[in-house]
Amino acid sequence: MADRRNQLVGRVRELLADALGASRNRSTAAQTALAGARERAVRVRRAAAGVPERVGAERDRRLAEIESRHSSRLAELVRRAAEAAAREAPGAGSADWSTWRPTPAERAEPPGATRVGTLRLTDEDGPTGRGTGDITPVPALVALLDGGHVALDGDPAGCAAVVSALLLRGLGRAAPGGVRLMGYDPDRLGGGLAGFAPLGTAGLLTFVGPGGLARLLDDLVEQIRRINETVLAGEHASLRELAAATGRRPEPWRVAVLLGGDELSRHERGQLDRVVRAGAACGVHLIVWGVPLPDDPSVTRVVVAADGAHVGTLPVRLDPPPPAALVTETCRQIAAVVSAGPAPTPFTDLLPAPEQMWREDSATGLTAPIGEGPQGRPVLLTLGDYPPHALIGGPSGTGKTNLIFAWIGALAARYSPAELEFYLLDFKEGVSFARFAKGRRDPSWLPHMRLVGINVNTDREFGLALLRFLAEELRRRADAAKKHEVTKLAELRAVDPTGHWPRIVAVVDEFQMLLAGRDAVAREAADLLEDLARRGRSQGIHLVLASQDVRGIEALWGRPALVAQFTLRIALPKALRILAERNDAAQSLPKFHAVVNAESGMLEGNQVARIPAASDWETWSELQHRLWRMRPAEAAPARLFDGDAIPRLADAPDFRALQAPEVGTPRGPVALLGEIIDVQARSAALRLPRAPGRNLAVLGTRIDEACAVLDAAARSLARQHRPGTARFSIACLDPDADPAARALYEDLADDAAWYDEESVTELMAETAEGLGGPGTSGTPHYLLLFAVDAAAGALASRVGRASGLEHLRRILHDGPERRTHVLAWWRGVARMRADLGGAGARTDQIGAWVALDIHGGELSGALYPGTSGPDWYPRPWRGLFFDRAVHRTGQTIIPYGPAR
């Protein structure tokens with residue numbers, strides 16, 4: 001039993017062991033499966049958790065790619081828009097205030113639009129939160145100048161900032177003076193435009209007070225009417241189109257700033273509507289706040305709020321207002337430039353094309369532009385039957401010389417030398433006219449120029465000589481006209497086409513110098529001027545007189561007929577008494593401008609011309625060289641008279657023409673004493689025939705000038721005698737004259753003999769005793785006595801003063817008929833009279849004299865006809881020559897300079 005039980009127990013234990021092992025196996029398998037399931041669950045949960053992240057990342061990637069493309073495209077579009085805005089509003093039109101400065105457009109270039117802020121491209125508070133920080137800002141532009149009008153509404157401070165920005169940028173894009181502002185600010189009485197007040201000093205800003213709106217609108221409408229009628233004149237639709245076609249803008253922009261006010265009247269509303277419709281084409285623009293404007297394509301509306309603004313429908317972030325200091329300083333600079341005057345226009349504006357030069361005919365008159373008028377059209381000057389002569393006036397520094405240059409250049413480029421000749425005389429000190437003649441610096445000359453006189457302020461006789469020359473030319477033309485039975489130059493040229501009948505224009509600058517005083521020169525000059533002015537028109541001789549001021553020209557007083565002939569008046573800024581009495585147009589002229597009036601200065605004849613710069617060397621030189629190369633083969637340089645220059649005997653045409661005869665001696669040889677102050681550069685000549693009184697006295701204390709007269713006389717006489725056929729006895733009795741006398745003695749060589757204080761008495765005695773009997777004639781003998789009055793001691797010590805002087809008196813009396821002539825220098829009139837026999841002695845044996853530093857009153861009596869003496873005042877290197885056998889009045893001469 002026990003075994004059975006043990007067996008059963010064992011069996012049970014085996015079964016239980018098997019069951020336990022199987023259970024453990026199943027438990028292990030279950031745990032393994034559970035672990036795998038848990039692992040799979042973890043992986044599933046992990047995989048499930050990564051799906052949204054991957055989807056989100058892909059979504060984010062795609063969104064980023066789309067946003068990048070959008071941003072790049074937007075940035076490109078913004079860049080292009082910014083570049084387009086920069087082109088449309090260049091320089092001052094769009095620059096930031098920190099770097100802003102005026103950048104005026106060229107004359108024909110449109111000013112462009114004006115920036116008021118930047119466009120708001122995205123909302124910084126939007127979904128992306130990115131804003132526009134990395135995008136180029138796009139300027140928000142408003143079309144004003146040549147564009148239209150601006151109507152403001154909303155926040156007052158913001159509107160004031162827009163007004164300041166629009167005005168300052170507009171001023172910066174226009175040339176100084178190109179924009180004129182009119183302010184209507186009845187509530188603040190102009191305070192809204194206070195920063196622009198400096199413009200008022202130059203007339204570029206005017207304020208209209210309360211109640212003045214109607215007058216302002218009426219003036220704007222009148223300006224629009226005038227521009228349409230006289231400037232555009234149906235040829236152009238707008239000033240902008242005219243500027244593009246012609247390269248010129250003849251009118252400024254006019255900007256009226258209207259800042260509030262009462263309700264408009266019916267008339268004001270109508271005028272405002274007219275300005276809105278037609279103003280932009282004529283450069284008339286409105287900037288308004290508090291004044292309703294009608295709907296019109298030319299009106300840009302800007303609505304300002306505290307958080308931004310809208311220009312039309314575009315949201316805009318407004319720029320800050322310009323700094324007050326920048327506004328004020330810019331306006332001061334512009335006003336200073338405008339007050340100083342606008343720059344002149346180019347000289348080439350007056351000239352025809354090179355192929356059109358010298359194509360005009362002067363038979364009926366001379367016409368040429370002098371400058372540009374307010375409408376951009378040339379202002380023409382005419383000289384002919386009407387107006388025949390011109391009067392130019394303007395204070396020093398206002399451009400009188402420049403105007404003369406411009407006029408001469410415009411005429412010379414149109415008319416050939418066969419059609420036009422010029423004669424120029426400048427009484428003020430200066431050499432500006434010398435460039436028309438041949439010079440050392442420039443060998444060219446103006447082919448039309450026949451005479452140029454400079455530095456003649458002390459040589460009024462030269463001006464008188466020019467008038468005498470013109471009077472003689474007038475007589476010659478009048479005689480030809482009578483011969484051909486015509487009255488005018490055009491008719492004479494038609495019937496005598498082979499004659500030389502150019503029109504003559506004589507220009508005399510500072511002509512009042514010629515007429516100053518009450519002497520014979522002034523009286524004769526006034527008479528000649530009146531005759532030339534009255535009769536010259538019909539024969540093509542035209543006078544152009546220029547002066548700083550005609551007040552005080554006593555010679556013109558009482559001669560209304562003379563002034564009346566000068567119907568063409570040209571008044572430069574601040575000129576007085578040139579225009580009619582009540583015509584004060586010249587008082588407000590800017591620099592480089594002139595009032596041109598062909599109606600004797602009457603107000604209705606005014607034209608304002610802007611004169612180009614023509615007087616500087618380079619500007620003129622180009623034209624002169626071109627015309628010089630076109631000159632005819634027979635053309636000769638102009639005669640140049642320089643009052644400060646001393647002529648040379650060797651250069652004198654009359655001296656070069658002298659020559660000795662082949663056989664015998666010349667009949668009536670000529671002694672040249674100096675250059676006559678006249679048009680032809682002739683020499684003062686003293687003929688020495690076998691006739692009583694043919695002796696010369698040089699009177700005065702100026703050693704160099706006295707020696708020069710005697711030297712020129714001796715050398716010119718020697719040129720007319722073959723060697724050995726004439727005697728020259730040179731006596732020098734003043735040591736200071738010794739160098740000049742020695743030089744003459746050495747150059748005359750074998751024909752000359754030298755005498756001094758010791759031997760002069762022998763010369764007198766020998767010469768007097770050798771005169772022989774009546775009718776005898778020997779070799780021509782010329783006694784050249786330097787400071788003869790200094791021989792008193794020598795004459796007294798040798799043969800006695802009385803007997804020595806008797807020899808001299810006999811030579812003077814009898815010598816000329818025997819070919820013995822005395823050419824002597826006395827250092828005073830009283831000394832000469834004493835040597836001739838005292839105060840009551842006859843002086844008719846002195847047939848000719850040259851007075852140097854001797855006053856006219858000292859020459860009265862037997863030396864000069866009449867009792868008061870000549871109108872002569874001494875001046876350096878000038879002499880008065882009188883030959884009783886030839887002259888009725890004295891002749892002013894310039895002694896020739898030293899030969900060596």
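This section reports on the structure supplied with the text. As the structure is a computational prediction, the values presented were derived from the model and not from experiment. (Residues numbered from 1 in each chain as written. Predicted model: local features only at pLDDT ≥ 70, side-chain atom pairs only at ≥ 80, totals over all residues. Heavy atoms only, no water.)

## Points about unusual backbone geometry
Between tyrosine 386 and proline 387 the backbone carries a cis peptide bond, its omega angle lying at -10°. Positionally, proline 387 belongs in the loop between β12 (378–384) and β13 (390–393). Phi is positive for glutamate 485, close to 55°, though the residue is something other than glycine. The exposure class of glutamate 485 is exposed, given its relative accessible area of 74%. (Helix = DSSP H or I, 4+ residues; strand = E, 2+ residues; numbered from the N terminus. Buried < 20%, exposed > 50% of the residue type's maximum accessible area, 1.4 Å probe, protein only.)

## A closer look at the environment of valine 221
Checked against the element boundaries, valine 221 lands in helix α3 (residues 213–232). Taking the C-alpha atoms as reference points, valine 221 and arginine 809, separated by 588 residues in sequence, lie 93 Å from one another. In this view, valine 221 contacts Gln271, Arg274 and Val275; residues no more than four positions away in its chain are not counted. (Contact = heavy atoms within 4.5 Å.)

## A look at the layout of surface pockets
Taken as a whole, the largest pocket holds about 1500 Å³ of empty space. Considering the residues around the largest pocket, the lining is formed by 45 residues, among which Gly177, Arg180, Pro250, Pro252 and His593 are closest to the centre. Those elements that place two or more of their residues in the lining of the largest pocket are α3, β6 (253–259), α6 (324–340) and β20 (606–610). Of the residues belonging to the lining of the largest pocket, the class tally is 21 nonpolar, twelve polar and twelve charged. By volume, the second largest pocket is sized at about 1000 Å³. Considering the residues around the second largest pocket, the lining is formed by 34 residues, among which Lys438, Leu640, Phe641, Asp642 and Ala645 are closest to the centre. At the level of secondary structure, the elements contributing two or more residues to the lining of the second largest pocket comprise α13 (617–629), β21 (639–642) and α14 (653–657). Here the residues of the lining of the second largest pocket are counted per class, giving 17 nonpolar, six polar and eleven charged. (1 Å grid on protein atoms, 1.4 Å probe; cavity = no way out; pocket = protein on both sides within 12 Å on 5 of 7 lines; lining within 4 Å. Points joined across faces, edges and corners; volume = space filled by probe spheres on them. Nonpolar A, V, L, I, M, F, W, Y, C, P; charged D, E, K, R; others polar.)

## So, the pairing of strand β1 (residues 114–119)
Here β1 lies mainly inside the structure; five of its six residues are buried. Two strands pair when backbone bridges link them, and β1 and strand β2 (residues 139–142) are joined in this way by four bridges, in the antiparallel orientation. Bridge pairing links glycine 117 to alanine 140 in β2. Two elements, β1 and strand β10 (residues 314–318), share three bridges in a ladder whose sense is antiparallel. What sits directly across from glycine 117, in β10, is leucine 318. (Pairing = 2+ DSSP bridges.)

Interpretation in functional terms is not warranted from these geometric data alone.
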